[in-house]
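Letter by letter, the chains look like this.
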There are 2 protein chains.
Amino acid sequence: MSSLDTLVESLRRLPGVGAKSASRMAFHLLQHDREGAQLLARALQAAAQQIRHCERCNTFTESPLCSLCADPRRDAGKLCVVETPADQAALERTGAFRGYYFVLMGKLSPLDGIGPREIGMHQLMARALDGQVSEVILATNFTAEGEATAHVIGEVLRARGLTVTRLARGVPAGSELEYVDLGTIAHALVDRR
Amino acid sequence: MSSLDTLVESLRRLPGVGAKSASRMAFHLLQHDREGAQLLARALQAAAQQIRHCERCNTFTESPLCSLCADPRRDAGKLCVVETPADQAALERTGAFRGYYFVLMGKLSPLDGIGPREIGMHQLMARALDGQVSEVILATNFTAEGEATAHVIGEVLRARGLTVTRLARGVPAGSELEYVDLGTIAHALVDRR
């Protein structure tokens, strides 16, 4: 196989990249951005070698503890469970949460062979039962799989006597009721305050 | 900058990849496919080091001549000019052309600073005027830029006495006139045979 074919095949392993996109990417890098190709090669190698999982919250980090878990000024009584580092970043941007996180790095998806073990259930249990955490806030996505994940984690942690809450469902800020889907309005009614 | 941020930034240099896609790609590689990350890193380095341009047709190759230019059984009297290796591959799949190619590796685009020099006009002239080529077939795309490119190349080569032809425009095979756009039908009328 030529090194061009090998490059196209390797690019196809990226999520959302098919044969045509991979060819276009290879062409672009070789014709217009060889420096970018070298940069990407080095970045991939460095990341694959240096990035591991935070011992406490399971997110990506280059040290044993991620910078957030290493910050002693946060509220040790609250633990927020999210699916991915991107979800964690979205919550952090709000500035409304001062506790710690646990990042599942996925969601329950039995059909894909992703069970409680794969999403670090055991590690989450140990983290939530460290004696300091008083409330676990489930912030998995409001998709079918995210809801199932929240349900399973909630059941397990409640059985151990922890307070478990879920992000509120309701009408998004700035939206007009006329254009909000029925399921969301129904949830907002049930969860009214 | 952390090696994760560096990776995301490097992935964003790929065409069609924005901030969200780059994050998703980095997450996927680190969480689910570290082997793919290493493969891609090696493929990028090998390609950037080994791939150069064919001395005759300007396409990507790892030897001085690409395999097609090195094939002596093709018709040396016909030279087909295309924009990219992907276009060349599409023509080759038809099996309808037995001559040689010249790959511009781009198209004229004055607004982007891509003039005759950048698309290898000088090299194309030398190739077309080697004494063996009797007909140059312009197979650039039927877009505004592709048409302009074909026009400019055609003018220059005709001035040197070469026969220059253009791929026929017309109704695509298998299509019903009712659903074909007006411009295409007009061209098919004008170019009727």
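Because the structure is predicted, anything quoted here is derived from the model rather than measured.

Description of the overall build of chain A
Stage number 1. Scanning chain A for helices and strands turns up 7 helices and 6 strands.
Stage number 2. The helix and strand sequence of chain A, counted from the amino end, reads α-α-α-β-β-β-α-β-α-β-α-β-α.
Stage number 3. In terms of overall size, chain A is more extended than a compact globule, its C-alpha atoms giving a radius of gyration of 21 Å where 193 residues would be expected to give roughly 16 Å.
Stage number 4. Referenced to the eigenvectors of the C-alpha coordinate spread, the extents of chain A come out at roughly 60 × 45 × 35 Å.
Stage number 5. Counting all 193 residues of chain A, 42% fall into the buried class.
Stage number 6. Once local pairs closer than 6 in sequence are excluded, the contacts in chain A between residues at least 24 apart make up 49%.
Stage number 7. With an accessible surface of roughly 10600 Å², chain A has 53% of that area assigned to carbon and sulfur atoms.
Stage number 8. Of the side chains in chain A, 22 bear a positive and 22 a negative charge, and the two mean positions are spaced by 3 Å.

Here's the deal with the interface of chain B and chain A
Stage number 1. Each partner contributes residues to the interface: chain B has 43 residues there, and chain A has 43 residues.
Stage number 2. Carbon and sulfur atoms make up 67% of the surface buried where chain B meets chain A, a total of about 4100 Å² over both sides.
Stage number 3. The largest share of the area that chain B buries against chain A comes from B:R13, B:L44 and B:F60, three residues that together contribute 16% of it.
Stage number 4. In this structure, the connection of chain B to chain A is made through 2 salt bridges.
Stage number 5. A:R13 is the salt-bridge partner of B:D33, the closest N and O atoms lying 3.0 Å from each other.
Stage number 6. At the junction of chain B and chain A, the tally comes to 8 residue pairs in polar contact (both at pLDDT 80 or more).
Stage number 7. Of all the elements in the fold, those that place two or more residues in the side of chain B that touches chain A are α1 (3-11), α2 (19-32), α3 (34-50) and β1 (52-53) of chain B.
Stage number 8. It is α3(B) that provides the largest number of residues to the side of chain B that touches chain A, a total of 16 residues.
Stage number 9. Considering only residue class, the side of chain B that touches chain A consists of 23 nonpolar, 12 polar and 8 charged.

Some words on the side chain of B:T59
Stage number 1. For B:T59, the location among the structural elements is in the loop between β1 and β2 (60-61).
Stage number 2. Aside from chain neighbours lying at most four places away, what touches B:T59 is B:R52, B:H53, B:C54, B:C66, B:P85, B:Q88, B:V103 and B:M105.

Quick word on the packing of aromatic side chains
Stage number 1. Applying the stated criterion across every chain, the model contains 4 aromatic pairs over all chains.
Stage number 2. The interplanar angle of 70 degrees and the centroid separation of 5.2 Å between the aromatic rings of A:F97 and A:Y101 together place this pair among those described as edge-to-face.
Stage number 3. A residue is classified by how much of its surface remains accessible, and A:F97, at 12% relative accessible area, is buried.
Stage number 4. Accessibility expressed as a relative area gives 0% for A:Y101, which makes it buried.
Stage number 5. Cation over ring: B:R56 sits above B:Y100, and NZ or CZ is 5.6 Å from the ring centre.
Stage number 6. If you follow B:R166 out to its NZ or CZ, it ends over the ring of B:F142, 4.1 Å from the centre.

Here we look at the pairing of strand β4 (residues 99-103) of chain B
All names here are of chain B.
Stage number 1. In terms of burial, β4 is a largely internal element, 5 of the 5 residues being buried.
Stage number 2. Across 5 bridges, the pairing between strand β3 (residues 75-82) and β4 is parallel. The residue of β4 that forms the bridge with C80 is Y101.

Comments concerning the environment of B:L129
Residues and elements named next belong to chain B.
Stage number 1. Residue position: L129 is located in the loop between α5 (121-128) and β5 (135-138).
Stage number 2. For the pair formed by L129 and E155, sequence separation is 26 residues and the distance between their alpha carbons is 14 Å.
Stage number 3. With near-sequence residues (within four places) excluded, L129 lies in contact with R160 and L162.

Quick look at the UniProt feature "domain: Toprim" (unreviewed entry) in chain A
Stage number 1. Here the UniProt-annotated "domain: Toprim" (unreviewed entry) positions come out as residues 77-172 of chain A.
Stage number 2. Taken end to end, residues 77-172 of chain A is 35% helix and 20% strand, and its first and last C-alpha atoms sit 28 Å apart.

So, the sheet that holds strand β6 (residues 163-166) of chain A
Residue and element names in this part refer to chain A.
Stage number 1. Spatially, β4-β3-β5-β6 is the arrangement adopted by the 4 strands of the open sheet, whose pairing is parallel. This sheet does not close on itself; its edge strands, each paired only once, are β4 (99-103) and β6. Each strand axis lies, on average, 25 degrees off the axis of its neighbour in the sheet, ignoring direction.
Stage number 2. Against the sheet, helix α6 (residues 144-159) contacts β3 (75-82), β5 (135-138) and β6, and its axis sits at roughly 165 degrees relative to β6.

With respect to the sheet that holds β4(B)
Residues and elements named next belong to chain B.
Stage number 1. The strand order across the open sheet formed by 4 strands is β4-β3-β5-β6, and the pairing between neighbours is parallel. The open sheet has two free edges, formed respectively by β4 and β6 (163-166), since each of these has just one partner strand. The sheet shows a mean angle of 25 degrees between the axes of neighbouring strands, direction not considered.
Stage number 2. Bridge count between β5 and β6: 4 bridges; the pairing is parallel. Its bridge partner being in β6, L138 is matched across the sheet by R166.

Some thoughts on the packing of helix α1 (residues 3-11) of chain A against helix α2 (residues 19-32) of chain A
Residue and element names in this part refer to chain A.
Stage number 1. Orientation of α1 relative to α2, taken along the N-to-C sense of each, is 125 degrees, at an axis distance of 8 Å. One element, α1, and the other, α2, form an angle in the oblique class. In this structure, the crossing between α1 and α2 has a hand that is right-handed. Between α1, through L4, L7, V8 and L11, and α2, the contact on the second element is made entirely by A22, S23, M25, A26 and L30.
Stage number 2. Of the residues that constitute the contact of α1 with α2, the class distribution is 8 nonpolar, 1 polar and no charged.

Cut-offs applied
- Residues numbered from 1 in each chain as written.
- Chains lettered and ligands numbered in written order.
- Predicted model: local features only at pLDDT ≥ 70, side-chain atom pairs only at ≥ 80, totals over all residues.
- Heavy atoms only, no water.
- Helix = DSSP H or I, 4+ residues; strand = E, 2+ residues; numbered from the N terminus.
- Rg over C-alpha atoms; globule rule 2.2 N^0.38 Å.
- Buried < 20%, exposed > 50% of the residue type's maximum accessible area, 1.4 Å probe, protein only.
- Contact = heavy atoms within 4.5 Å.
- Areas by Shrake-Rupley, 256 points an atom, 1.4 Å probe, with all protein chains shown as cover.
- Lys, Arg positive; Asp, Glu negative; His and termini not counted.
- Charge placed at Lys NZ, Arg CZ, Asp CG, Glu CD.
- Buried area = accessible area lost by both parts, 1.4 Å probe.
- Salt bridge = Lys/Arg side-chain N within 4 Å of Asp/Glu carboxyl O.
- Polar contact = N/O pair within 3.5 Å; in protein donor to acceptor, adjacent residues only side chain to side chain.
- Nonpolar A, V, L, I, M, F, W, Y, C, P; charged D, E, K, R; others polar.
- Phe/Tyr/Trp six-rings, centres within 6.5 Å; stacked < 30°, edge-to-face > 60°.
- Lys NZ or Arg CZ within 6 Å of the ring centre and 35° of its normal.
- Pairing = 2+ DSSP bridges.
- UniProt positions renumbered as here; feature names shortened; annotations may be inferred.
- Axes fitted to C-alpha atoms, helices over the stretch in contact; angles between N-to-C directions.
- Parallel < 35°, antiparallel > 145°, perpendicular 65-115°, else oblique.
- Left-handed = near helix turned anticlockwise from the far one by under 90°.

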